[in-house]
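Here are the chains, one letter per residue:
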Amino acid sequence: MDANQRLPRSARPSKRAAPNGLRRVRLYDARASCLTYLANKGVPDHLLARWAGHTNVKTTKKWYVKPDVADLLPAAGAWGGLAGGV
């Protein structure tokens, strides 16, 4: 296959994922997962923004870096204490 040719529709990953029980993963999803992983491993925000090609760190944090589940547990515990005290 020539480098400029496209795969036939039936061979594209998005068409093969659902019948095999897999969800479709977009390039955006992979990018966000990578940036979130790096953030959770302690990579500084300014380096993440640079890696993503953003000039503003806020853009990277807002759209790409998602909190880790472990980071959300203390907040859930605090909410439980608040709701339980009512």
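Just above sits the structure.
Here, residues in each chain are numbered from 1, in the same order as that chain's written sequence. Local features are withheld for residues below a pLDDT of 70 in this predicted model, meaning they are given only at 70 or higher, and side-chain atom pairs are given and counted only at 80 or more; totals for whole chains, interfaces and linings count all residues. The side-chain quantities take in all heavy atoms of the structure and omit both hydrogens and water.

**Q** Can you tell me about the nonpolar core, naming the residues and giving the values?
**A** Counting six residues, the largest nonpolar core is built from A32, L35, L48, A52, Y64 and V65. In DSSP terms, a helix is any run of H or I states spanning at least four residues, a strand is any run of E spanning at least two, and both are numbered starting from the N terminus. Secondary-structure elements contributing two or more residues to this core are α2 (27-40) and α3 (45-52). The residues contacting V65, other than those within four sequence positions of it, are L35, T36, A39, L48 and T60. Working definition of a nonpolar core: buried Ala, Val, Leu, Ile, Met, Phe, Trp, Tyr and Cys residues. They are joined through side-chain atoms within 4.5 Å. Using a 1.4 Å probe on the protein chains alone, a residue whose accessible area is under 20% of its type maximum counts as buried, one over 50% counts as exposed, and one in between counts as partly exposed. A contact between two residues is defined here by any heavy atoms of the two lying within 4.5 Å.

**Q** Outline α3, listing residues and values.
**A** Residues spaced three or four apart along an α-helix point in a common direction, a consequence of the helix completing one turn every 3.6 residues. Of the residues making up α3, those classed as buried are L48, A49 and A52. Mapping the buried residues of α3 onto a view down its axis gives an arc of 100°, with all of them on the same face. In this structure, α3 carries H46, R50 and W51 as exposed residues pointing more than 90 degrees from its buried face. Against the buried residues of α3 lie α2 and α4 (57-63). G53 sits one or two positions beyond α3 and adopts a positive phi of about 85°. By definition, the arc is the one covered by directions from the helix axis to the C-beta atoms.

**Q** Could you give an account of the pattern of salt bridges, naming the residues involved and the relevant values?
**A** By salt bridge we mean one thing: a side-chain nitrogen of Lys or Arg within 4 Å of a carboxyl oxygen of Asp or Glu. Tallied over the entire structure, the rule returns one salt bridge. Linking K61 and D45 is a salt bridge whose minimum nitrogen-to-oxygen distance equals 3.5 Å. In this pair, K61 is assigned in helix α4 and D45 in helix α3, connecting sequence segments 16 residues apart.

**Q** Could you give an account of the packing of aromatic side chains, naming the residues involved and the relevant values?
**A** In summary, the pairing rule links any two rings of Phe, Tyr or Trp, Trp by its six-membered ring, whose centres are within 6.5 Å, and it sorts them by plane angle into stacked for under 30 degrees, edge-to-face for over 60 and tilted for everything else. Counted under the stated rule, the structure contains one aromatic pair. Above the face of the Y64 ring, R31 is positioned so that its terminal group lies 4.6 Å from the ring centre. Counted as over-ring charges are cases with an Arg CZ or a Lys NZ within 6 Å of the ring centre that also lie within 35 degrees of the ring normal.

**Q** Explain the side chain of H54 to me, using residue names and the numbers behind them.
**A** Its location among the elements puts H54 in the loop between α3 and α4. A distance of 2.6 Å separates the side chain of H54 from the side chain of T60, its partner in a polar contact. Excluding residues that lie within four positions of it along the chain, H54 makes contacts with R31, A49, T59, T60 and Y64. Contacts described as polar in this section are N or O atom pairs within 3.5 Å, which, within protein, must combine one atom able to donate a hydrogen with one able to accept it, while residues neighboring in sequence count only if both atoms come from side chains.

**Q** If you had to explain the environment of H46 to someone new, which residues and values would you point to?
**A** When you line up the elements, H46 lands in helix α3. By relative accessible area, which is 52% here, H46 ends up exposed. Along the backbone, H46 and K58 are 12 residues apart, and their C-alpha atoms lie at a distance of 9.5 Å.

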